[in-house]
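Geometric and topological summary
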Amino acid sequence: MFKYQIIVEYLGTNFVGWQIQKNGNSIQAIIQKALSKVLKSKIKISGSGRTDAGVHARGQSASFVLNQEIKDEYQFLNSVNFFLRNRSISIIRLSKKNMKFHARHSVKKKLYKYIILNLLTRSPMYENRSWLIKKTLDVEMMKKGIKFFLGLHDFSSMRAASCSAKNPLRTITKAAIKKKKDKIIILFESKSFLQKQVRSMVGCLKYVGEHKWKPEKIKSVLKLGKREYCAPPAPPQGLYLEKVFY
């Protein structure tokens, strides 16, 4: 038996999310179907974690077990991506791993990126790939606010009602904002995130950037621990799973 890791890039716009669901097309199901065709064996993959409907990935990680060795990576990638070519999904890398490796359980940290397009008019280039906010945001105030997310916190106020995680405690090891012309790029790094946590944090930062909140309000929202005190979550189309670290 052989264990393999794949790195996957996708646009999540037309999918119900990563995980297989009954209510529509999932990225996981489409990849499994393509792998099964190419490898002539029923393949089940395990992802590093779920991404919600509309969320994208540049570096999603998944693993699977196969009873034969894949000897030609180039041929494998070309064959699988042939079946994915009309799906806005691509497997960009294949790696052989030891049998103890697991795409989800072996994760050390994940990096998410959120893109805000701070522009007066819509941009076709970033349609469904960013959050368009026409009102000018105060990035310096947002930089002050984002610091309150760093470290270990109870993120009960910033999780979805449907979140199934038993423990709301999460440690944010990186929280940064940078501006590139009309784009505001927000980065968050942690071992794991609660459902809609990143989008909720971005929503809070938007309030700070609009001067609806002072930066310190983020600290009090975290302490209150109730969803009703949180800003509305940012829409999914600006969110990217950038990289998974092992």
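Criteria and cut-off values
- Residues numbered from 1 in each chain as written.
- Predicted model: local features only at pLDDT ≥ 70, side-chain atom pairs only at ≥ 80, totals over all residues.
- Heavy atoms only, no water.
- Buried < 20%, exposed > 50% of the residue type's maximum accessible area, 1.4 Å probe, protein only.
- Helix = DSSP H or I, 4+ residues; strand = E, 2+ residues; numbered from the N terminus.
- Pairing = 2+ DSSP bridges.
- Patch = residues over 30% accessible without salt bridge, like charges linked within 9 Å, V, L, I, M, F, W, Y side chains within 5 Å.
- Areas by Shrake-Rupley, 256 points an atom, 1.4 Å probe, with all protein chains shown as cover.
- Salt bridge = Lys/Arg side-chain N within 4 Å of Asp/Glu carboxyl O.
- 1 Å grid on protein atoms, 1.4 Å probe; cavity = no way out; pocket = protein on both sides within 12 Å on 5 of 7 lines; lining within 4 Å.
- Points joined across faces, edges and corners; volume = space filled by probe spheres on them.
- Nonpolar A, V, L, I, M, F, W, Y, C, P; charged D, E, K, R; others polar.
- Axes fitted to C-alpha atoms, helices over the stretch in contact; angles between N-to-C directions.
- Parallel < 35°, antiparallel > 145°, perpendicular 65-115°, else oblique.
- Left-handed = near helix turned anticlockwise from the far one by under 90°.
- Contact = heavy atoms within 4.5 Å.

Overview of the pairing of strand S1 (residues 2-10)
If a strand is regular, its side chains alternate between the two faces of the sheet. Counted residue by residue, S1 has seven buried out of nine residues, so it is predominantly covered. Looking at chain direction, S1 and strand S3 (residues 56-66) are connected through eight bridges and run antiparallel. What sits directly across from Ile 7, in S3, is Ser 61.

Focus: a nonpolar patch on the surface
On the surface, Met 1, Val 65 and Met 99 cluster together into a nonpolar patch covering about 300 Å² of accessible area. By relative accessible area, which is 34% here, Val 65 ends up partly exposed.

Quick notes on the pairing of strand S8 (residues 169-180)
Where strand S7 (residues 151-154) meets S8, four bridges bridge the pair, whose relative direction is antiparallel. Opposite His 153, over in S8, you have Arg 170 as the bridge partner. Pairing between S8 and strand S9 (residues 183-190): eight bridges, direction antiparallel. Within the sheet, the bridge partner assigned to Lys 179 lies in S9 and is Ile 184. Counted between consecutive antiparallel strands, the loop separating S8 from S9 contains two residues, among which Lys 181 sits at a positive phi close to 55°.

Looking at the layout of surface pockets
Empty space within the largest pocket amounts to approximately 1100 Å³. For the lining of the largest pocket, the secondary structure elements donating two or more residues are strand S2 (46-47), strand S5 (109-118) and helix H4 (197-209). It is H4 that contributes the most residues to the lining of the largest pocket, three residues altogether. Looking at the lining of the largest pocket residue by residue, the classes come out as eleven nonpolar, 16 polar and nine charged.

What about unusual backbone geometry?
What you tend to see is this: most non-glycine residues have negative phi, and most peptide bonds are trans. The phi torsion at Ser 88 lies on the positive side, around 60°, for a residue other than glycine. Looking at the secondary structure, you find Ser 88 in the loop between helix H2 (73-84) and strand S4 (89-97). Taking the relative accessible area as the measure of exposure, Ser 88 reaches 41% and is therefore partly exposed. At Lys 196, a position not held by glycine, the phi torsion is positive, near 65°. Within the element layout of this structure, Lys 196 appears in the loop between S9 and H4.

What about the pattern of salt bridges?
Here the structure, examined in full by the defined rule, presents nine salt bridges. Glu 242 serves as the salt-bridge partner of Arg 58, at 3.4 Å between the closest nitrogen and oxygen. Of the two residues, Arg 58 sits in strand S3 while Glu 242 sits in strand S10 (residues 239-245), which places them 184 residues apart along the sequence. Taking the relative accessible area as the measure of exposure, Arg 58 reaches 35% and is therefore partly exposed. As a salt-bridge pair, Glu 210 and Lys 212 come within 3.4 Å of each other at their nearest N and O atoms. Counted as one network, the salt bridges with shared partners bring together Arg 58, Lys 113 and Glu 242.

Side note on the packing of helix H3 (residues 139-146) against H4
H4 packs onto H3 with a crossing angle of 135° between their chain directions and a minimal axis gap of 8 Å. Judged by the inter-axis angle, H3 sits oblique to H4. Our pair here, H3 against H4, has a crossing hand that is right-handed. Within the contact between the two elements, H3 uses Met 141, Met 142, Gly 145 and Ile 146 and H4 uses Leu 205, Val 208 and Gly 209. Considered class by class, the residues forming the contact of H3 with H4 number five nonpolar, two polar and no charged.

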